[in-house]
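Chain by chain, the residues run as shown.
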Amino acid sequence: MDFDLKAALILTFGQTMQMVISSLLAAIIIGGSIGLLLFLTSNTLFLKNRVINQIVGVIINITRSIPFLILLVLMIPVSKAIVHTSIGPNAVVIPLAVAAIAFFGRLSEASFSDVDNGVLEAAIASGASKLSIVLKILLPEALPSLIKNITVTAVSLIGFSAMAGTVGGGGIGDLAIRYGYQRYEPEVMFICVIVLVLLVQIFQVIGDSSAKKLDKSSK
Amino acid sequence: MIEFKHVSVSFKQHKQIFEAVNDAHFKIEKGEIFGIAGSSGAGKSTLLRTINLLQTVSSGEILVDGENVTNYRRTQLRILRRNIGMIFQHFNLARNLTVYQNIAFVLKAAGKSKAETETRVKELLDLVNLSEKSNSYPANLSGGEKQRVAIARALANDAKILLCDEPTSALDLETTSSILSLLKDLNKKFGITIVIITHELDVIKSICTRCAVMNKGSVVEIGDVYDIFTKPREDFTRQLLSHTSHFNLPEQIIDKMQGPIIRLTFKGDNANNPILYYAANTFQIGFNILLGKVEYINDLPLGILYVQLIGETEPLKLAIEFLAANTADLEVINHGL
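Residues numbered from 1 in each chain as written. Chains lettered and ligands numbered in written order. Predicted model: local features only at pLDDT ≥ 70, side-chain atom pairs only at ≥ 80, totals over all residues.

Regarding the overall build of chain B
- Helices and strands together make up the secondary structure of chain B, namely 12 helices and 14 strands.
- Viewed in the frame of its principal axes, chain B has a C-alpha envelope of about 80 × 50 × 35 Å.
- The buried share of chain B, reckoned over its 337 residues, is 39%. (Helix = DSSP H or I, 4+ residues; strand = E, 2+ residues; numbered from the N terminus. Buried ≥ 20, exposed ≤ 12 C-beta atoms within 10 Å, placed from the backbone.)

What follows is the structure, encoded as structure tokens:
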């Protein structure tokens, strides 16, 4: 057998991590900013603006309502324009990032909305600037919940990245389908699934424990 | 110090206009502790928030230190707010910041250096007796301690005015009185003008010098706390007072008693004279005290006595006349004559 399972696993694991980490980073930075924008434009203490809030909200909703498999196909021209290829992990990062940005945008908006409005009102009443309130009160107060939602996003991304294998994205999911399913090698499929389960567990444990560590709201 | 000039606040709610504050027009003097009483939904909180412009007014003007602040924006507004501290019913401390960080935030936001911030936070924590809790998180503090931190935070930038939004409503009786005495001390020590809104009339009774009573968005009565509590002019105020002073004689006792029962109110100076003894002596009647109390509002005594009078009809009538003339108020509960 010329198929080296160990080498294939290492290669595809790297691809999965590449897809998950880079789209997760995009989700945190861009999606988080969108979530913050949604929150700030919905709160009278900050920059309440119905028009901006609704426009951004509708865009997020549209993106979120497109099934990921269809988004993968729809994004092919965009991937071609940005990374000059439509196959491989680099190309799938684009649809993954778009889905993750929309997903985390909503989740982070909820994290910000969960911050006690009274705490923000007290900060406004103290005469602090809105920028310093966002950076030094809103973010630390929302952080534990943001981390929990980053974990949720990361776990969904692991699932999405496996789906991306079907359009030539690579990764562990791709390995599982090509060798495990199409070549009737159930042990490959089994090992791939175990790796994915472990990966999800690791993300979950790291996310939960850091959220707990940062949350000082209970004794 | 703070002047409301025909201030009104209205909200649009379900296409209807709701007047939260209706033509508030009065002045709060420098250095006084001013109370605003009223039941919930009376507009107290809205009125309080117009002072630091957390609530914009629909019409009218707010003057702070003689200056019209109604249209302050941005930098001007932020400087105004630094001079007006505010505390809340639920304390509103940032939960993921320590006591130190909570107070330091408002100092740094006002442009204080790290060294200045450090000294000032220390000073403030000493002032509210919480020096050893500097690195605790709010979750590990009691309600009273949280409110002390909130007070320290509110005064951090040398506020001249302190707005209190139901400051003791989430606290037990003992903690309430310790917070109130802290506020009283701060008022005496630094001459801070304090505005307190509360539905607890006992709070107003124990620390305010003057107060306003609000009902459905309007200020219905305003004056010295002692006058308002002893001689309310408005029906609404009387109603509000009767809800809190549970000081009534049980019905079955009134029914059982022979002879007239009267309710005497003593105020200020006449609370110290033995009026009842004079009346009994002069008119040769007997008396039986059924219920009585003396309380102090602004250090002035207010006494209430329920008395059963015993004797012949004529002397009783004369005695009642005499007592009515020599006490603040006399109400005949049961004639029995």
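Some details on the overall build of chain A
- The number of helices and strands found in chain A is nine helices and zero strands.
- The order of helices and strands in chain A, counted from the N terminus, is α-α-α-α-α-α-α-α-α.
- Based on the C-alpha atoms only, the size of chain A along its principal axes is roughly 70 × 45 × 25 Å.
- Here chain A holds 219 residues, and 40% of them are scored as buried.

So, the interface of chain A and chain B
- With 23 residues of chain A in contact, the opposing surface of chain B contributes 22 residues.
- Those elements that place two or more of their residues in the side of chain A that touches chain B are helix 6 (117-125) and helix 7 (130-164) of chain A.
- Residue composition of the side of chain A that touches chain B, by class: nine nonpolar, seven polar and seven charged. (Contact = placed C-beta atoms within 7 Å. Nonpolar A, V, L, I, M, F, W, Y, C, P; charged D, E, K, R; others polar.)

Regarding the sheet that holds strand 5 (residues 67-68) of chain B
All names here are of chain B.
- Pairing is antiparallel across the open sheet formed by four strands, whose spatial order is 2-1-4-5. Only two strands of the sheet have a single neighbouring strand rather than two, namely strand 2 (16-28) and strand 5.
- In terms of strand pairing, strand 1 (residues 2-13) meets strand 4 (residues 59-64) through five bridges, oriented antiparallel. Considered in strand 4, the bridge of Ile 2 is made with Val 64. (Pairing = 2+ DSSP bridges.)

Quick word on the pairing of strand 12 (residues 286-297) of chain B
- For strand 12 of chain B, the buried fraction is low: zero of the 12 residues fall into the buried class.
- Here strand 12 of chain B folds back onto strand 13 (residues 300-310) of chain B in antiparallel fashion, the turn holding two residues, of which B:Asn298 has a positive phi close to 55°.

With respect to the domain arrangement of chain B
Residues and elements named next belong to chain B.
- For chain B, the domain assignment lists domain 1 (2-243) and domain 2 (251-334).
- The C-alpha-based centres of domain 1 and domain 2 are spaced at 40 Å.
- Counting from both sides, the interface comprises six residues of domain 1 and, opposite them, six residues of domain 2.
- With four residues, helix 8 (residues 225-230) is the largest single contributor of residues to the side of domain 1 that touches domain 2.
- Broken down by class, the residue content of the side of domain 1 that touches domain 2 amounts to three nonpolar, two polar and one charged. (Domains from an automatic or database assignment.)

Looking at the UniProt feature "domain: ABC transporter" (unreviewed entry) in chain B
- If you check UniProt for "domain: ABC transporter" (unreviewed entry), the listed places come out as residues 2-241 of chain B in our numbering.
- Between the first and last C-alpha atoms of residues 2-241 of chain B the distance is 26 Å; the span itself is 39% helix and 28% strand. (UniProt positions renumbered as here; feature names shortened; annotations may be inferred.)

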